[in-house]
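So you can see what is in the structure, the chains are spelled out below.
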Amino acid sequence: MRIAFFDAKDYDIPSFEQYGKGSGIEFKFFEAKLNEDTAELASGYDGVCVFVNDTVNAAVIDKLYALGIRVIALRCAGYNNVDLGRCFGKIHVVRVPAYSPYAVAEHTMALLLTSVRRIHKAYNRTKDFNFSLSGLTGFDLHGKTVGVIGTGKIGRIFIDICRGFGMRVLAYDKYPAEDAGIDYVSLDELFSESDVISLHCPLSEETYHIISADAISRCKKGVIFLNTSRGALIDSDALLDGIKRRQVGAACLDVYEEESDIFFRDFSGHIVEDDVLARLISMPNVIVTSHQAFLTEEALGNIAETTVKNLVAFRDGLPLENELCYQCGKVDDCRKTRKKRCF
Ligand code: NAI
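Now for a look at the structure at hand. (Residues numbered from 1 in each chain as written. Predicted model: local features only at pLDDT ≥ 70, side-chain atom pairs only at ≥ 80, totals over all residues. Heavy atoms only, no water.)

## Quick word on helix α2 (residues 58–66)
At step 1: Three or more residues of α2 are buried, namely Val-60, Ile-61 and Leu-64. In an axial view of α2, the angular spread of the buried residues amounts to 100 degrees, which keeps them on one side of the axis.
At step 2: Those residues of α2 hidden inside the fold are in contact with β3 (47–50), β4 (71–74) and α3 (84–87). (Buried < 20%, exposed > 50% of the residue type's maximum accessible area, 1.4 Å probe, protein only. Helix = DSSP H or I, 4+ residues; strand = E, 2+ residues; numbered from the N terminus. Arc of directions from axis to C-beta. Contact = heavy atoms within 4.5 Å.)

Shown next, in the form of structure tokens:
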């Protein structure tokens, strides 16, 4: 089985070669992202493997289907970039539901600690033999309140980490986990009570700009936002405005709503056209990492292993454990829950 692997990076290739060996799945690595112009590269392949910033909209899906592609293997958990309705009945979509929730949760805390203890500034200073402490005063996390939006795999690990620091944890989830010992509150209460707000819910129509200008105005003055989930959960213009007005105390962003043409690439020496991103990065209280929260050896191994298993199951006609739910509406006759494929 031959798979066209889009948006391939040097750190992807070794693990996919390792786990692909002996499976009968052969990957062809393309640097190009999948979009309407590059879909043609999938000609002659049986499936495609894509990541967070590949475009899998209706036009791309129609092209892939016409080329004979019958499986899209997402090598990530989030799938907001895929038009699932368009795929239903034509192309199976499988994903890696969890590769290392620890990687993302730990990165979130790394960002928070870096920000509140000014590690990013101290690192640059001592590299320059500047040992002054002026401007480096931080604050204790112990006793502070963190509001966690989305208490799935990553959110819950982040909650445990925060509790280890002696923080008070409040949470909001559209589907609260019963008996999880989590103190669920309304979004309003979370906004007004939290010193730190961390986003761990998926991006959807409902959660788009969940951190809006209005939400920011309802937060405590000096609130810190952590986003290691999806960029468009935060209205970046509103965030920038909140920072300028000192309403927002700091922001740590591993994702950005317009990241797809910027993140994962080297723009040093070039002019970055995105004024909002450039202005955010120029702020002393904003830390940006380029969607690297997942990037640990453990996670890369799990991603490759699960993706190969997903593709082998598809090729061998087996049930697709990690097939995405297309929301087909057949609630009383769900093939997936009967351990079959969705179609
Ligand atoms: P998960 O599916 O285990 O948890 C998501 C949680 O969000 C669930 O508890 C769900 O009930 C909740 N949720 C759904 N709709 C909601 C809404 N409207 N409002 C509030 N909560 C809602 O997902 P997991 O594995 O914890 O991942 C969370 C997110 O992290 C993913 O959606 C993905 O966008 C992001 N992610 C980022 C990575 C990175 O490298 N920065 C890597 C992996 C995931």
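Anyway, onward from the coordinates.
## Comments concerning the side chain of Asn-227
At step 1: The topology assignment puts Asn-227 in strand β9 (residues 223–227).
At step 2: A distance of 3.0 Å separates a polar side-chain atom of Asn-227 from the backbone oxygen of Arg-230.
At step 3: Setting aside anything within four residues of it in sequence, one finds Asn-227 in contact with Leu-199, Leu-233, Ile-234, Cys-252, Leu-253, Asp-254 and Val-255. (Polar contact = N/O pair within 3.5 Å; in protein donor to acceptor, adjacent residues only side chain to side chain.)

## Concerning the site of the ligand
At step 1: The environment of the ligand is made up of 22 residues, and the closest members are Lys-153, Ile-154, Asp-173, Thr-228 and Asp-254.
At step 2: Separating an oxygen atom of the ligand from a side-chain N or O atom of Lys-153 is a distance of 2.8 Å.
At step 3: In this structure, a nitrogen atom belonging to the ligand sits 3.0 Å away from a side-chain N or O atom of Asp-254.
At step 4: Coverage of the ligand by the protein chains reaches 87% of its 870 Å² of free accessible surface.
At step 5: A class-by-class count of the residues in the shell around the ligand yields nine nonpolar, eight polar and five charged. (Near = heavy atom within 4 Å. Areas by Shrake-Rupley, 256 points an atom, 1.4 Å probe, with all protein chains shown as cover. Nonpolar A, V, L, I, M, F, W, Y, C, P; charged D, E, K, R; others polar.)

## A closer look at helix α1 (residues 13–20)
At step 1: Within the span of α1, buried status applies to Ser-15, Phe-16 and Gly-20. Down the axis of α1, the buried set is contained in an arc of 125 degrees. They therefore lie on one face. Residues Pro-14 and Gln-18 are exposed on α1 and point more than 90 degrees away from its buried face.
At step 2: Where α1 is buried, its residues meet β1 (2–5), β2 (26–29), β3 and α11 (297–315).
At step 3: After α1 finishes, the residue Gly-22 shows a positive phi value of roughly 80 degrees.

## Considerations on the packing of helix α4 (residues 101–116) against helix α6 (residues 153–164)
At step 1: Orientation of α4 relative to α6, taken along the N-to-C sense of each, is 45 degrees, at an axis distance of 8 Å. By the angle between their axes, α4 is oblique relative to α6. For the pair α4 and α6, the sense of crossing is right-handed. Facing Pro-101, Tyr-102, Val-104, Ala-105, Glu-106, Thr-108 and Met-109 of α4, the residues of α6 in contact are Lys-153, Ile-154, Ile-157, Phe-158, Ile-161 and Cys-162.
At step 2: Residue composition of the contact of α4 with α6, by class: ten nonpolar, one polar and two charged. (Axes fitted to C-alpha atoms, helices over the stretch in contact; angles between N-to-C directions. Parallel < 35°, antiparallel > 145°, perpendicular 65-115°, else oblique. Left-handed = near helix turned anticlockwise from the far one by under 90°.)

## Some remarks on unusual backbone geometry
At step 1: One non-glycine residue, Arg-118, lies in the positive phi region at around 55 degrees.
At step 2: Topologically, Arg-118 is positioned in the loop between α4 and α5 (119–127).
At step 3: A positive phi is found at Gln-327, a non-glycine position, where the angle reads about 55 degrees.

## Focus: the sheet that holds β2
At step 1: With respect to topology, five strands assemble into an open sheet ordered β2-β1-β3-β4-β5, the strand pairing being parallel. Where the open sheet ends on each side, the last strands, each with one partner, are β2 and β5 (92–94). The mean inter-strand angle of the sheet, taken between neighbouring strand axes irrespective of direction, is 25 degrees.
At step 2: Pairing analysis gives three bridges linking β1 to β3, with the strands arranged parallel. Its bridge partner lying in β3, Ile-3 is registered against Gly-47. (Pairing = 2+ DSSP bridges.)

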